[in-house]
Amino acid sequence: MQPAAHITTSELKGRPVVAHDWPHDAPSCRRIQQALAERVDTQDDLPPVQTIGGIDIGFEDGGRTTRAAAVVLDAETLEVREKALARVPTRMPYIPGLLSFREIPGALAALEQLSALPDLALVDGHGIAHPRRLGVATHLGLVTGLPTIGVAKKRLTGQHDDVPNERGAWVPLLDKDETIGAVLRSRVSVKPIFISAGHRVSLESALAWTLKALTRYRLPETTRVADRLASNR
DNA sequence: GCGACAG
DNA sequence: ATCTTGTCGC
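Conventions used here
Residues numbered from 1 in each chain as written. Chains lettered and ligands numbered in written order. Predicted model: local features only at pLDDT ≥ 70, side-chain atom pairs only at ≥ 80, totals over all residues. Heavy atoms only, no water. Buried < 20%, exposed > 50% of the residue type's maximum accessible area, 1.4 Å probe, protein only. Helix = DSSP H or I, 4+ residues; strand = E, 2+ residues; numbered from the N terminus. Contact = heavy atoms within 4.5 Å. Pairing = 2+ DSSP bridges. Axes fitted to C-alpha atoms, helices over the stretch in contact; angles between N-to-C directions. Near = heavy atom within 4 Å. Polar contact = N/O pair within 3.5 Å; in protein donor to acceptor, adjacent residues only side chain to side chain. Nonpolar A, V, L, I, M, F, W, Y, C, P; charged D, E, K, R; others polar. Parallel < 35°, antiparallel > 145°, perpendicular 65-115°, else oblique. Left-handed = near helix turned anticlockwise from the far one by under 90°.

Asker: Explain helix α5 (residues 221-230) here, please?
Answerer: Given 3.6 residues per helical turn, the α-helix brings residues three or four places apart onto the same face. Turning to α5, its buried residues number three or more, namely E221, T222, T223, V225, A226 and A230. The inward-facing, buried residues of α5 contact β3 (51-60), β4 (65-74), β5 (80-89), β6 (120-124), β7 (148-152) and α4 (203-213). A positive phi of about 60° marks N232, the residue just after α5.

Here you go:
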């Protein structure tokens, strides 16, 4: 009999959050994911959104050091309000399906450096478009209480039809008969991106906010600014 | 057993 | 993710 995943509920700045032991082995990670998945909220439960955040992680020293970037943009003008970069020792290798356990420690360190958290955060990687519905965007939302959206450049799981070659066109990402996300053509003639609900945000709102953060590039501005910082460009 | 596999 | 320069296509 496996020991139960130790999960507790708490509160952060008035918001319900979840805390849990930080595992180091894959089987423990998967057990925690299964337990956490029950607490995910894919209904809209967000404050008036005045700022949107971007979270992205990069690495240095051949992966030994994690560089985590958290940026805050004005939701209306997309003007950059604040940037934070944290460098922490990397604790886990990359294992498909367990990305959040590798990236969240750094993300939390970067968020802590911000003078004010964003009202909503777009996270690099998937939200519920994950084998156990607990991608990095969803996991980070649960742990911080922040409304989150998953914005990924590649598919992890699920099937989808071709996306029409028109800016803003999208098709559902399906797992069996369940819609777990959307495959979005963010601009003409580029590979589509994968949008999914993270936590406290519906897929419809996730798409709407992603479109609001898009300008002339494939990725939303939040992701671009955070990526530039995390990868030292 | 074989192929797929976010960052 | 990261290692890396020029180059093909819209």
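Don't stop here, the text continues.
Asker: Would you mind going over the sheet that holds β7 with me for this structure?
Answerer: Each strand in a sheet pairs with its neighbour through backbone hydrogen bonds, running either in the same direction (parallel) or in the opposite one (antiparallel). Ordered in space as β5-β4-β3-β6-β7-β10-β9-β8, the eight strands form an open sheet in which the pairing is mixed. Edge positions in the open sheet fall to β5 and β8 (170-175), since each of these has one partner strand only. Across the sheet, the mean angle from the axis of one strand to that of its neighbour is 25°, orientation sign disregarded. Across 10 bridges, the pairing between β3 and β4 is antiparallel. Bridging across to β4, D56 finds its partner in A69. In the packing of helix α3 (residues 136-144) onto the sheet, contacts are made with β3, β6, β7 and β10 (193-199), and the angle to β10 comes to roughly 20°.

Asker: What should I look at first to understand the protein's contact with DNA strand B in this one?
Answerer: Neighbouring DNA strand B are 20 residues, the closest being Y94, G97, D124, K153 and R155. Among the atoms of DNA strand B close to the protein, meaning within 4 Å, 52% are from sugar or phosphate groups. Within the side chain of Y94, one N or O atom sits 2.6 Å away from a phosphate oxygen of DNA strand B. Within the backbone of G97, an N or O atom sits 3.1 Å from a base nitrogen of DNA strand B. Of all the elements in the fold, those that place two or more residues in the surface near DNA strand B are β3 and α2 (99-113). When residues of the surface near DNA strand B are assigned to their parent elements, the largest contribution, three residues, is made by α2. Residues belonging to the surface near DNA strand B are distributed by class as follows: eight nonpolar, five polar and seven charged.

Asker: I tried to follow the packing of α2 against α3 on my own but got confused; where do I start?
Answerer: When two helices pack together, you describe them by how their axes are tilted relative to each other and by the distance separating the axes. Relative orientation of the contacting elements α2 and α3 amounts to 45°, with a least axis distance of 10 Å. As far as their axial angle goes, α3 and α2 are oblique. Here the hand of the crossing between α2 and α3 comes out right-handed. For the pair α2 and α3, contact is made by L99, S100, F101, E103, I104, A107, L108 and L111 and by V136, H139, L140, V143 and T144, respectively. Of the residues belonging to the contact of α2 with α3, the class tally is nine nonpolar, three polar and one charged.

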